[in-house]
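This is what each chain is made of:
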Amino acid sequence: MNQQLRELAQEGRCREEGSHELFFSESPAELARAQEICASCAVRVRCLDVALQENLEWGVWGGVIFWDGQPFHRRRGRGRPRQADANLPLEADRGELLELVATA
């Protein structure tokens, strides 16, 4: 793990929550919970930026889900999306992600 990731691990809300597995789950519901934790984290923009720079493959970083190296706003489960989520995009580019996280 590089130095930036170690620092984020010490400063982020993910450390306080004590549920590391939540941020690397395969369950859309658990990933959404991890995103909620990130939403009020002071280092979320820096966390996302490091994840993008390091081309991380998996996990929730800065409130964005990385799956097979691709960043997603959300991870859909099986079946139809919830009505509230139906119009939300799944994927975004780097600029959109940083803007989304910065304004959250």
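Up top you'll find the structure we're talking about.
Conventions adopted
Residues numbered from 1 in each chain as written. Predicted model: local features only at pLDDT ≥ 70, side-chain atom pairs only at ≥ 80, totals over all residues. Heavy atoms only, no water. Salt bridge = Lys/Arg side-chain N within 4 Å of Asp/Glu carboxyl O. Helix = DSSP H or I, 4+ residues; strand = E, 2+ residues; numbered from the N terminus. Buried < 20%, exposed > 50% of the residue type's maximum accessible area, 1.4 Å probe, protein only. Expected span 1.5 Å × (residues − 1). Arc of directions from axis to C-beta.

What is the right way to read the pattern of salt bridges from this model?
Between side chains of opposite charge, a pair can form as their charged atoms come close. Counted by the stated rule, this structure contains 2 salt bridges. Between R46 and E11 there is a salt bridge, with the nearest N and O atoms lying 2.4 Å from each other. Of this pair, R46 sits in helix 4 (residues 44–53) while E11 sits in helix 1 (residues 3–11), placing them 35 residues apart in sequence. Using a relative accessible area of 37% as the deciding quantity, one classes R46 as partly exposed. For E11, a relative accessible area of 39% puts it in the partly exposed group. In this structure, the salt-bridge partner of E36 is R33, at a minimum N-O distance of 3.5 Å. Of this pair, E36 and R33 both sit in helix 3 (residues 28–39), 3 residues apart, roughly one helical turn.

For this particular structure, what's the right way to read helix 3?
Because each turn of an α-helix spans 3.6 residues, side chains separated by three or four positions end up pointing in the same direction. Here helix 3 contains 12 residues, and its C-alpha end-to-end distance of 16 Å stays within 8% of the 16 Å for a straight helix at 1.5 Å per residue. Three or more residues of helix 3 are buried, namely L31, A34, Q35, I37 and C38. An end-on view of helix 3 places all buried positions within 155° of arc, on one side of the element. Relative to its buried face, helix 3 has exposed residues pointing more than 90 degrees away, namely A29 and E36.

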